[in-house]
Amino acid sequence: MFPRDLYEIIHLIGIALTMAALGATALHALEGGTRRGPRARRVLVALYGGGLFLILLGGFGMLARLGIARAGVVAFPGWLWAKLAVWALLGAVMLLPYRRPTWGMPMLLLAPLLIGLATYFALYKPI
Ligand code: HEM
C-alpha cells in the first residue's frame, strides 16, 4: 500500500506532464502546425493522456489514504467535484489549439489558472 505522499508525487507528475504536452501542442498550432503534423503529435497526445491518467491515479490514491468518500461517489465532497470538473476542462482544452490556433496563446494563460484553481480546492476545500 503506497503512502499518501507518494500519490501526491504521482499527482504532481501528472500535472507537469499534462502542462508540458499542452504547451507544446499550443506552440505547434500557433506555428501553423496541424493535426496531420509531425509524429511528435502522437507522442504529445500520449503524454497528455498519460498525464491526465496520473492526475486521477494520484488523486484517487490520496482520497483512499485520507479515507474520504469511502461511501463512494455519493459521498464525494463539493471540492472534489470541483477538481474533477477542472480536470475534465483541462482534458477538453487539448483539442482547441488545432481547431482555433489563435486560441493557443490564451490557452497557455488559462491552463495554469486552472491548475491554480484545482490546487485552491485541494488546499482550502471551500465547498
Ligand atoms: C487539473 C487537475 C488537478 C490539479 C492541478 C490538482 C492539484 C492538486 C495539488 C497541487 C494537491 C496538493 C495539495 C497539498 O499539498 O495538500 C492536490 C491534492 C489532492 N487532489 Fe488534486 N488536482 C487535480 C485534480 C484532481 C482530481 C481529478 C482528483 C480526484 C481524484 C484530485 C484529488 C486530490 C486529493 C484527494 C488531494 C489531497 C487533498 C488533501 O490532502 O487534503 N485532484 N491536488
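Reference entry: report on the structure contained in this document. (Residues numbered from 1 in each chain as written. Predicted model: local features only at pLDDT ≥ 70, side-chain atom pairs only at ≥ 80, totals over all residues. Heavy atoms only, no water.)

**Notes on the coordination of the iron atom of the ligand**
So, point 1. Only His11 (NE2) and Lys83 (NZ) from the protein coordinate the iron atom of the ligand, and they sit 2.1 to 2.3 Å from it.
So, point 2. One can describe the site at the iron atom of the ligand as octahedral: its 6 donor atoms subtend angles covering 80 to 177 degrees at the metal. Here histidine 11, found in helix H1 (residues 4–30), pairs with lysine 83, found in helix H3 (residues 78–93); they are 72 residues apart in sequence, far enough to count as distant. (Donors = N, O, S within 2.8 Å, 3.2 Å for Na, K, Ca; no water. Tetrahedral: all angles 85-135°; square planar, octahedral: opposite > 155°, others 65-115°. Helix = DSSP H or I, 4+ residues; strand = E, 2+ residues; numbered from the N terminus.)

**With respect to H1**
So, point 1. Helix length check: H1, at 27 residues, gives a terminal C-alpha distance of 39 Å against a target of 39 Å (1.5 Å per residue), a fit within 8%.
So, point 2. Turning to H1, its buried residues number three or more, namely Tyr7, Ile10, His11, Gly14, Ile15, Thr18, Ala21, Leu22, Thr25, Ala26 and Ala29.
So, point 3. The inward-facing, buried residues of H1 contact helix H2 (40–66), H3, helix H4 (96–99) and helix H5 (104–124).
So, point 4. Positioned one or two residues after H1, glycine 32 has a phi angle of 95 degrees, which is positive. (Expected span 1.5 Å × (residues − 1). Buried < 20%, exposed > 50% of the residue type's maximum accessible area, 1.4 Å probe, protein only. Contact = heavy atoms within 4.5 Å.)

**Some words on the site of the ligand**
So, point 1. In the vicinity of the ligand lie 25 residues, with Arg4, Glu8, His11, Lys83 and Lys125 positioned nearest.
So, point 2. Within the contact set of the ligand, an oxygen atom lies 2.8 Å away from a side-chain nitrogen or oxygen of arginine 4.
So, point 3. A distance of 2.8 Å separates a nitrogen atom of the ligand from a polar side-chain atom of histidine 11.
So, point 4. A molecule is said to occupy a pocket when more than half its atoms come within 2 Å of that pocket's grid points, and by this definition the ligand occupies the largest pocket.
So, point 5. Mapped by element, the contributors of at least two residues to the shell around the ligand are H1, H2, H3 and H5. (Near = heavy atom within 4 Å. Polar contact = N/O pair within 3.5 Å; in protein donor to acceptor, adjacent residues only side chain to side chain. 1 Å grid on protein atoms, 1.4 Å probe; cavity = no way out; pocket = protein on both sides within 12 Å on 5 of 7 lines; lining within 4 Å. Sits in = over half its atoms within 2 Å of the grid points.)

**Brief notes about the packing of H1 against H2**
So, point 1. At a minimum axis distance of 7 Å, the contact between H1 and H2 shows a crossing angle of 155 degrees. On the basis of the axis angle, H1 is roughly antiparallel to H2. Our pair here, H1 against H2, has a crossing hand that is left-handed.
So, point 2. In terms of residue class, the contact of H1 with H2 is built from 17 nonpolar, 9 polar and 3 charged. (Axes fitted to C-alpha atoms, helices over the stretch in contact; angles between N-to-C directions. Parallel < 35°, antiparallel > 145°, perpendicular 65-115°, else oblique. Left-handed = near helix turned anticlockwise from the far one by under 90°. Nonpolar A, V, L, I, M, F, W, Y, C, P; charged D, E, K, R; others polar.)

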